[in-house]
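# Observations on chain architecture
What follows is each chain in one-letter form.
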Amino acid sequence: MSSTKLILQSSPHLRDDDSVRRIMLTVLIALAPATVASVLMFGTRAVVVLVLAVLGCLAFEAIALKIMKKPLMPYLTDGSAVVTGILLAMNLPSGLPWWMVLVGALVAVVLGKQVYGGIGSNPFNPALVARVFLFISFPTAMTTWPVPGSDLFGMGADVATAATPLGVLKTDGLAALMSSDSNLYMNLLTGHVGGCLGETSAIALILGGLFLLLRKVISWEIPVTFIGTVFAFTGVFYLVDSSTYADPLFQILSGGVMLGAIFMATDMVTTPVTRKGMLLFGFGCGLITGVIRLLGSYPEGVSFSILIMNGFTPLIDRYITPAPFEDKGGELQAP
Amino acid sequence: MAEQSIIAIFIASILSQNVIFARFLGICPYLGVSRSLSTAFGMSAAVLFVMTLSSAITYPIYALVLKPYDMEYLQTLSFILVIASLVQLVEIVMKKATPSLYSALGIFLPLITTNCAILGIAILNINEKLSYAQALVFTVGSAVGFGLALVIFAGIRENLGVRHVPKVLQGAPIGLITAGILAMAFMGFAGLGQ
Amino acid sequence: MSKLAELTKGLWKENPVFRLLLGMCPTLAVTTEVVSGIGMGLSATFVLVMANLVVSSMRNVIPAKTRLPIFIVIIATFVTIVDLVMNAYAHDVHKSLGIFIPLIVVNCVILGRAEAFASKRPVFDSILDGLGMGLGFTLGLVALATVREILGNGTWFGMPVTGEGYTPFLLFVLPPGAFISLGFLLAGMNSIENRRKAHG
Amino acid sequence: MSSATMGFPKGGVHPPEEKELSLGAELVTVTPPKKVIVPVTQHLGRPSAVVVNRGDEVVVGQVLAEATGPVSAAVHSPVSGKVLKIADGAVIGADRVPVIEIMNNGEDTGLDAFVQKTVSWKDKSSFLDWIRDAGVVGLGGATFPTHIKLMPPKDATVHTLIINGCECEPYLTADDTLMQWKPAEVLAGCCIMAGVLGISRILIGIEDNKPRAIEAMTVAAREGTYASFFDGDVPSFDVQVHALKTRYPQGAEKQLIDALIHRKVGAGKLPFTAGVVVQNSGTAYAAFEAVAARKPLIDRVMTVTGKGVEKPGNFLVRIGTPISEVVNAAGGAKENLKAIIAGGPMMGKSVKTLELPVVKGTSGVLLLTGEEIEEYRERECIRCGRCVEACPVNLVPCDVAAFAEFRQWDRAGKAMECVECGCCQYVCPANRYLVLYNRLAKYHWRRLQK
Amino acid sequence: MVILKAAIFLALLAGFLSVVLVLVSKKFAVKEDPLVGDVEEALPQYNCGACGFPGCAGFAKYLVESRDPGALCVPGGPDLQKKLAALLGMEVKAATPTVAHVFCKGTNSKAKQDGEYFGIQDCVAADLINAAPKSCPFGCLGLGSCVEACAFDALHVVDGIAEVIEENCVACGACVKACPRDLISMIPQGPRVVVECRSKDKGAGVKRYCEVGCITCQLCVKKCPENAIALTDDIIVIDFEKCTLCGTCIEVCPQNTILPAHFVPEKKEEPKEGTA
């Protein structure tokens, strides 16, 4: 027989060619349109945030792996840190001071992921942990939004800033919002509005989402129920009082709903594994987003809602398990 | 807070003013009884029961006896007496009626006595100058908020039991960090019911 | 155990905050600044010492069955004294500690020492134990408050310690910051303890 | 008669089929070797009892070990010769089980007794005994004694016999070959089993990647060629051949029932509850031989394939032949051999050596090279949920694995419903050892229940 | 007046509460043996399960109910036995101190391997699918199920073989249960001679795959002056009670399977080398 050692293992002896790395790569490709859009809108500032976030995440991941005495391969090369970095950048305003971006990377990688044991173990979405951390720590810096398209190549501190449409709605009311921009819906679609890097162009985000759906990296349940619930919840308020509450179309196109529903709430590690669980997860995210936006004191609630539902994920996974392979009316087996 | 509607008080006490995440009351049982979901549910029920009962009793003691007779300084002393007796009462009854729940909650039942959430809420009822109805709603809401936080955390913690949490962080450290992130997330509810 | 050891065990080996995980609620709640941390720590120390003293000297007359309610009454008495005294002489600290002054009654550290130590040991040992534990508790509070005050406010004991360019992390003076800092502090203590054990 | 795109509804995977490797060649009969090793027990159920002694002269088809109790099967001598020894030896999946070694005298004494005759339907009442006496077991790999499956409990109403010709495992083509080679005999075997059950409806499920087998069986069923094996008053049978959309594990009993008659049979329940009996096509052929020639199960068709063997193909092999002899008949193993697998790649077992005997349940042997098999090392689960999607029995494999990894056996009880089909592990992007975790969880769960 | 008021109020409150408590505790009284608590407190609280009960609490309950003199808490040692006996008022037979021992020395360099195992690093798992890399069907798998089972850090795997760190071993028996090949047993502490193999294969078979495996030549059985060695169930076993540590078997064993532990046997043929 042969001189090489035989492989001894349990069945099955075949695997399909998918891998963690390939999944991460697919997510990166899906993020490309939104990344490009953000650079087009915010210029060099967006590039700086993106580069800092990615390099920061890689560096802190490497340091954390060293401390935990884990090998850099395959952990650093599987692309998960890069995805975290890009997603973090997508959740930050373009003018954020450089050191805050690095703090965000540190929080995302260490607090969001490595304290729980690294990839696959974290209960909360790392990028969102970092975003909310920064948002609560530095409320001013995190709500200073450079105007898209202005000062594309400048690095100066005196870039023109403006509130996001949701911010205008919260502080100045519906009438002010409608009069602020005559071409509001088109601008929401193309991304010509203030906001985080990834909260601008709805079209770019939807393109990425369709790609992910096509490559079966995500399934439709979470994005559709998330966006649908926001639409329905805000729609009810709009129908009751259309002079105070914005219409549901505006609600789903503005802020982080698209980014959150397509890229953040579909993070595999922190969301339910079953289809039914995903439906409930998406519904919960949409509902909490709506409640915070319309009834709370913050203009935007997507990040909070996803983090809270991340907290519920273990409960959903525990109590919404797939129905066992059974005849109808058949008795259930012991657990 | 005394002017708020009943519903607003209720929602605020569960979400934006959650006993654990915003008021730091009842952290010991939060860290101690969250190892499994079933005990978390049991503890939540026990807290809801004891907390409601104790508020229902301590409020009139203050309003009808201590205040009229200028004995406010006896508040802490008399409240803790009532609570201690109540807990013992619940313990005796539970031991007889639901022995399985009793054995599951184990040493934590007597710890309800030292659960500062119970005494804390009883005192807050007085400090915030709530009416009797408001106080009861506030108490029930706080207990529900405690249960919510405990159950979410127990779910996460059961999962963490099958994840690769580093050794130095296992137990209380990761519990506190998780509570911190949840507290961060719950800050999103700021302004609700206010 | 030597008398000195009775006093010092609370500082590290049996530190109530870092090793025994007791008294978490006030630890988290009052550590936004070092001053209130010290206020809470000293109040608790006073109650601890007095309660240990009384419990220990009465340990032979307290019936075993009703010992817990009696301990609580003793502790509650001293807590009420602290509450009133503080309100009169240190009104600002009293205000910042809020309901956590009356809640010293249910601080597990105090009840735990009365039950586990003072009810079984002579008076002088109990006083030393109470003092050690109280100081250990204070130490824990100060450690956490230091982290939170510096990071969250850029000050220590109210004095600015960071440069002018520093933007404080607001999160650390808010509830989430308390949980997260204490979590990391505990993890740090665990790793120090592990290393200590590994080296003998 | 065939309706394409039928299939089971939930889960499953479609790995590369790799069937063409072994399909082109003719069926080769392997010469019985000098020495055969016959394991005493070759079925699922109670062990058989040895009835020969060391030094005995035996003839082909002589009983070596008798069935003990109802759920058990006899073992017959595949060659004529002398019993060398009765001792413990290694077989596929076990290091030490009782085996009987026989020195072959090369004369095949007694083989000529098994001549095929027309089957008289008047003997119907004896069919079941003959099948049992021949030691026929399920040849798909599960090796459950066939006669037990043909005796449904009194309170069950069986209306359909389902014949499993799916052969959903990649690489394997033994059933395919048999159905192409002897379609009429296979069908006659089906009729015999239906006759034993006293029913007339026979559904034959074949995956649509076996067009020639579907064609051969459809023709045999349409033209009724199988009737020539019978005489007397033969009842008419309603035989339907169904092409099923190729999807693993179509050949799993419960998935096949679901695909063909849309009934779900729950965990821990038998096909009787849905009114069906499922038999493998190879088993049907063995049953035919048992009744028509009174021939015991002493040989079977098996596939030897993979890029690690010179001439892959299908072989008619006596039970007890060392696998190495069959591999020699297939031109021998190649130098760059990386793994030997007994059975298909999805559920087969890794074996350490070719010096193990072929048994009744050996449907094939794969000799794989580095091109076909990799050294998979697991990573952390990323909870992508692909295993949940792929699981045909609606489990959450990643959870069972997590409980097993952290030794929380009390939470891993759901593993008991796992059929170990391997779909979850096939799709896992983190290469988790999901099936092994399930097996481990089952082992510990059983111990906990004691 | 103020003091009086406070005193009256507190007295009334306390009095009322205690009356309620007394009444309720009478009505809901649960009979419970206080002895259970005492016994539980006396137990070491390892919750290792060596007694076969779920934790020390379960064992305490059983002890009080059954007064079973045969039930043992091995980790507690003889001192605890005496304490328990005093508490329960019964006689407990003294147990000889034992220690776990792994009966295999077929390290990676000495035992042949057929292939490389890819799977869960767990002996039971590898054994379940018959994928142990070593050829020997009886040898130590070296994947550390016993290490995992040990709560006292008393086992580790060296060069493919599990070894017991005897200072840490409390003889709880968890490793004995964990080993899928029954290679671990409790044997008396202290100096002893051990046959380090449990293969049931014949000599030729063993020689094919292990340099230090027992080939059941039975030389030791024949040469033992105390008749302390016997072939039982295809395995050579030394009776520790009869063994006088003379070292004859160690000398005669052609495979070096029989080894001394905790003493250096006298060399009979080369007395010059000293005894140490």
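This is a predicted model, so every value here is computed, not measured.

Right, let's get into the domain arrangement of chain E. Residues and elements named next belong to chain E. Once the domains are mapped, chain E shows domain 1 (34-88), domain 2 (96-189) and domain 3 (191-266). Just the C-alpha atoms count here: the centres of domain 2 and domain 3 sit 20 Å apart. Facing 23 residues of domain 2, the contacting portion of domain 3 comprises 18 residues. Taken together, the two surfaces of domain 2 and domain 3 that pack against each other cover about 1600 Å², and 61% of this comes from carbon and sulfur.

On to the environment of Ile382(D), then. As for its placement among the helices and strands, Ile382(D) is situated in the loop between β19 (364-369) and α10 (386-390). In sequence terms Ile382(D) and Phe237(D) are 145 residues apart; their C-alpha atoms lie 52 Å from each other. Setting aside chain neighbours within four positions, we find Ile382(D) in contact with Val20(A), Ile23(A), Ile119(A), Gly120(A), Met268(A), Val269(A) and Pro429(D).

Contacts are most numerous, across the eight pairs of chains in contact, for chains A and D. With no contact formed, the shortest span from any C-alpha in chain C to any C-alpha in chain E equals 10 Å.

Attention now moves to a nonpolar patch on the surface. Residue and element names in this part refer to chain A. Together, Ile 206, Leu 210, Leu 213, Trp 220, Val 224 and Leu 279 make up an exposed nonpolar region whose accessible area comes to about 500 Å². Structurally, Leu 279 is set in helix α14 (residues 275-295). Residue Leu 279 is classed as partly exposed on the basis of its relative accessible area of 32%.

This paragraph deals with the interface of chain D and chain B. Contacts between chain D and chain B engage eight residues on the former and five residues on the latter. Together, the buried faces of chain D and chain B total about 610 Å²; carbon and sulfur atoms form 53% of this surface. The largest contributions to the chain D side of the interface with chain B come from Arg383(D), Phe406(D) and Arg411(D), which together make up 61% of the buried area. Linking chain D with chain B are one salt bridge, by the criterion used here. A salt bridge links Glu158(B) to Arg411(D); the shortest N-O distance between them is 3.4 Å. In this structure, the connection of chain D to chain B is made through two residue pairs in polar contact (both at pLDDT 80 or more). Partitioning the side of chain D that touches chain B into residue classes produces three nonpolar, one polar and four charged.

Conventions used here
Residues numbered from 1 in each chain as written. Chains lettered and ligands numbered in written order. Predicted model: local features only at pLDDT ≥ 70, side-chain atom pairs only at ≥ 80, totals over all residues. Heavy atoms only, no water. Domains from an automatic or database assignment. Contact = heavy atoms within 4.5 Å. Buried area = accessible area lost by both parts, 1.4 Å probe. Helix = DSSP H or I, 4+ residues; strand = E, 2+ residues; numbered from the N terminus. Patch = residues over 30% accessible without salt bridge, like charges linked within 9 Å, V, L, I, M, F, W, Y side chains within 5 Å. Areas by Shrake-Rupley, 256 points an atom, 1.4 Å probe, with all protein chains shown as cover. Salt bridge = Lys/Arg side-chain N within 4 Å of Asp/Glu carboxyl O. Buried < 20%, exposed > 50% of the residue type's maximum accessible area, 1.4 Å probe, protein only. Polar contact = N/O pair within 3.5 Å; in protein donor to acceptor, adjacent residues only side chain to side chain. Nonpolar A, V, L, I, M, F, W, Y, C, P; charged D, E, K, R; others polar.

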